[in-house]
Amino acid sequence: MDYPKPRIPTFPILSLQSFAVPQGEHVPSILDFPLVKFVTSGRVAIALALQQMKIGKDDKVLLPAYHCAAMVEPIIWVGATPVFYKIHPDTSVDLEDVRSRLDSSTKLILVAHYFGFPQDMAKIRNFCDEHRIFLLEDCAHSFFGEFEGRPLGSFGDYAVASSMKFFPIYEGGCLVSSRHDLASLMLTSAGAGFELKAMLNVLEKGFEYGRLPFLQRLIHGPLRLKNFIWDTLKERILKEKSTLGPGASEGGFGFEAKWVSKRSALISTYLIRKVSKKRIAENRRQNYVKFLQTLTGLPGCYFLFPDLPKGVFPYVFPLVVDDPEKRFRALKNAGIPVIRFGEFLWEGMEATTCKTSVDLSRRVLQFPCHQELSQQEMAWMISEIRTVLLS
Ligand SMILES: *Cc1c(COP(=O)(O)O)cnc(C)c1O
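Residues numbered from 1 in each chain as written. Predicted model: local features only at pLDDT ≥ 70, side-chain atom pairs only at ≥ 80, totals over all residues. Heavy atoms only, no water.

1. Considerations on the site of the ligand
And then number 1: Taken together, 15 residues form the shell around the ligand, and within it Arg43, Asp138, His141, Ser162 and Lys165 come nearest.
And then number 2: Here an oxygen atom of the ligand and a side-chain polar atom of Arg43 are 2.6 Å apart.
And then number 3: Lys165 is positioned with one of its side-chain polar atoms (N or O) 2.8 Å from an oxygen atom of the ligand.
And then number 4: A total of 370 Å² of accessible area belongs to the ligand in isolation, and the protein chains cover 96% of it.
And then number 5: Broken down by secondary-structure element, the contributors of at least two residues to the shell around the ligand are helix H1 (42-52), helix H2 (69-77) and helix H9 (248-251).
And then number 6: For the shell around the ligand, the per-class residue count stands at 7 nonpolar, 5 polar and 3 charged. (Near = heavy atom within 4 Å. Polar contact = N/O pair within 3.5 Å; in protein donor to acceptor, adjacent residues only side chain to side chain. Areas by Shrake-Rupley, 256 points an atom, 1.4 Å probe, with all protein chains shown as cover. Helix = DSSP H or I, 4+ residues; strand = E, 2+ residues; numbered from the N terminus. Nonpolar A, V, L, I, M, F, W, Y, C, P; charged D, E, K, R; others polar.)

Put into structure tokens, the structure is as follows:
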């Protein structure tokens, strides 16, 4: 289905305000680990974690029935067998169901903090210790956050995150471990072409939504030569999809083995260090609360997470709707960057594995609440959502 281009950015894009530092406390995140391995995507980080745990042929990996392909592909790639477990309607792990699926070849359970809201990690960690299986914490939706005073990612044997879902960058994922040594894991550069592409993409995305006006004027300015160089670069580098970049979260590409050993681009790690984490944390919470306040009482929908506890820094705002296909289409056609996590569940999974997951994958619509949305953009989005849900 061809929808119009979103009228506001789906993911964070660079602006000058990205660097503004508001007052406030330290924000717990995956960056709190003494050693963070910066790779090109979250899925690559999962593959590396599996390799570190020596998981392969004849091994089973438990993962939630509510998932995206990026969580399954690395498991298939190392030759292991994915086994899907049930979740509850509030997205918490159904540990009884997990228990019933354990056998002697089960090596690992993968647990995701959906939309940034933490699972009960104390309970899950105990469960894994009791059954002597590894725990992989998927923090793709929870780059920032804590559970019982500890940063998310610190409960698993390994944890992964998806940097581009939270930072204004083109590619990036993280791998950390609070229990195992990652110092010997060596990564190599993906080359100058990739570095350039990662850089151009950050700027181009900013330009696309009018975020870097001075720079844009400078580059597209009166100098024809500059203009020519910029356009040529863009043609040559940004259009070359398959060879020069992982294009993960947004691109919907599959899993490519060649990215597994590659370092994230310099511009991405630079921006992760430099942009304000407090602003990311604060703005995301504020936008989330705005959704709660303005969408309350609408017919045919409910909030998946009606509260925003301290220490939660949401990835998106999830809304559960009736008649999801019709609502989804209407919102997309209005230019709203709505997404559906798990819209395409793994084909090998029986639909009967977990009715709740199938239901959530259809009915939970997610709206961006990222730090780079302006007040006007939020107001516009909310008004469009209200119109669609009231129609
Ligand atoms: C996006 C996502 C991933 C994979 O991250 P990429 O950076 O897109 O490879 C893994 N797990 C979950 C829950 C995700 O949403």
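Read on, since the account is not over.
2. Comments concerning the domain arrangement of the chain
And then number 1: Under the domain assignment used here, the chain contains domain 1 (25-176), domain 2 (192-251) and domain 3 (277-390).
And then number 2: Taking the mean C-alpha position of each, domain 1 and domain 3 sit 22 Å from one another.
And then number 3: Opposite the 35 residues of domain 1 that make contact, domain 3 presents 33 residues.
And then number 4: Overall, the association of domain 1 and domain 3 removes approximately 3,000 Å² of surface from exposure, summing both partners, and the carbon and sulfur fraction of that is 74%.
And then number 5: Taken as a group, Tyr66, Phe115 and Phe117 account for 25% of the area that domain 1 buries against domain 3, more than any other trio of residues on that side.
And then number 6: The tally of links between domain 1 and domain 3 comes to 0 salt bridges.
And then number 7: At the boundary of domain 1 and domain 3, one finds 7 residue pairs in polar contact (both at pLDDT 80 or more).
And then number 8: With 5 residues, the top contributor of residues to the side of domain 1 that touches domain 3 is H2.
And then number 9: Counted by class, the side of domain 1 that touches domain 3 contains 21 nonpolar, 7 polar and 7 charged residues. (Domains from an automatic or database assignment. Contact = heavy atoms within 4.5 Å. Buried area = accessible area lost by both parts, 1.4 Å probe. Salt bridge = Lys/Arg side-chain N within 4 Å of Asp/Glu carboxyl O.)

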